[in-house]
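Results of the structural survey
If you want the building blocks of each chain, they are given just below.
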Amino acid sequence: MPAQLAAAFGPAAPERAPFSLAACFARAPERVTVKTMKYTDLLKLDFYHAVGRSPAPCIVALHGGAWYLGDRKESRAIQQSNRWLAQHGYAVASIDYRLVPQAIWPAQRDD
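Report on the accompanying structure. Computed from a predicted model, the values in this text were never measured in an experiment. Each residue is numbered by its place in its chain's sequence as written, counting from 1. With the structure being a predicted model, the display of local features is reserved for residues of pLDDT at least 70 and the display and counting of side-chain atom pairs for 80 or more, all residues being used for whole-chain, interface and lining totals. Working from all heavy atoms in the structure, the side-chain values ignore hydrogens and water.

**So, the pairing of strand β3 (residues 58–62)**
We apply this condition: Whether two strands pair comes down to DSSP finding at least two bridges between them. Only DSSP runs of H or I covering at least 4 residues are called helices, and only runs of E covering at least 2 are called strands; the numbering of each starts at the N terminus.
Summarising the sheet, β3 and strand β4 (residues 91–95) pair through 5 bridges and their orientation is parallel. Each residue of the ladder has a partner; that of A61, found in β4, is S94.

Right, dumping it as structure tokens:
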């Protein structure tokens, strides 16, 4: 199968070693740049830049709250998770969305 994939898509050399749980804790965390942006007149997102990788895959992080409470900065644990992902090569867009009852479905999906 690797030969068939290489024939179809070209050779693929990994940019880094595969995931290792030990490697997650082996080095000091690198500084993550976070930029707050408006993506509509009322809604913002916090963009966590991937460390050491550009371009990088991007994860869109939705806060919990069942569509009716919370925001992108709702908990310190979520912010720490976003930073951890960024430190490991993933960009993260942590977004706000409109809440009910002021905005009815499908407003949240559209955001």
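**With respect to the nonpolar core**
Selection criterion: Side-chain atoms within 4.5 Å link the members of a nonpolar core, which is a set of buried Ala, Val, Leu, Ile, Met, Phe, Trp, Tyr and Cys residues. Summary of the burial criterion: residues with accessible area below 20% of their type's maximum are buried, those above 50% are exposed, and those between are partly exposed, where the area comes from a 1.4 Å probe applied to protein chains only. It only takes one pair of heavy atoms within 4.5 Å for two residues to be counted as in contact.
V32, Y48, V51, A61, A86 and V92 together form the largest nonpolar core, which totals 6 residues. Ignoring any residue separated from it by four or fewer positions in sequence, one finds V51 in contact with E30, R31, V32, A86, Q87 and G89.

**Digging into the environment of L69**
Within the secondary structure layout, L69 lies in the loop between β3 and α3 (76–87). When the C-alpha positions of L69 and Y97 are compared, they lie 9.9 Å apart, and in sequence the two are 28 residues distant. With residues up to four places along the chain from it excluded, the contact list for L69 reads H63, G64, E74 and L99.

**Brief notes about the pattern of salt bridges**
Formally: The salt bridge definition used is simple: a Lys or Arg side-chain nitrogen within 4 Å of an Asp or Glu carboxyl oxygen.
Scanning all chains against the criterion turns up 5 salt bridges. Residues D46 and R72 are paired through a salt bridge, measuring 3.1 Å at the closest nitrogen-oxygen approach. Here D46, found in strand β2 (residues 44–48), pairs with R72, found in the loop between β3 and α3; they are 26 residues apart in sequence, far enough to count as distant. Residue classification places D46 among the buried positions, given a relative accessible area of 2%. Among the salt bridges present, the one from R72 reaches D96, with a minimum N-O distance of 2.6 Å. Of the two residues, R72 is situated in the loop between β3 and α3 and D96 in the loop between β4 and α4 (107–110); the sequence distance between them amounts to 24 residues. Classification of R72 by relative accessible area gives buried; the value is 10%. Each member of the salt-bridge network shares a partner with another, and the members are D46, R72, K73 and D96.

**Considerations on the side chain of H63**
Here H63 is to be found in the loop between β3 and α3. Among all residues touching H63, those that are not within four sequence positions of it are L69, G70, D71, R72, E74, I95, Y97 and L99.

**Considerations on α3**
Put simply, the rule reads: Expected helix span is given by 1.5 Å per residue-to-residue step, counting one fewer step than there are residues.
With 12 residues, α3 extends 16 Å from end C-alpha to end C-alpha; this agrees with the ideal 16 Å at 1.5 Å per step. Next to the buried residues of α3 lie β2, β3 and β4. Positive backbone phi, approximately 95°, marks G89, located one or two places after α3.

By themselves these figures say nothing about function.
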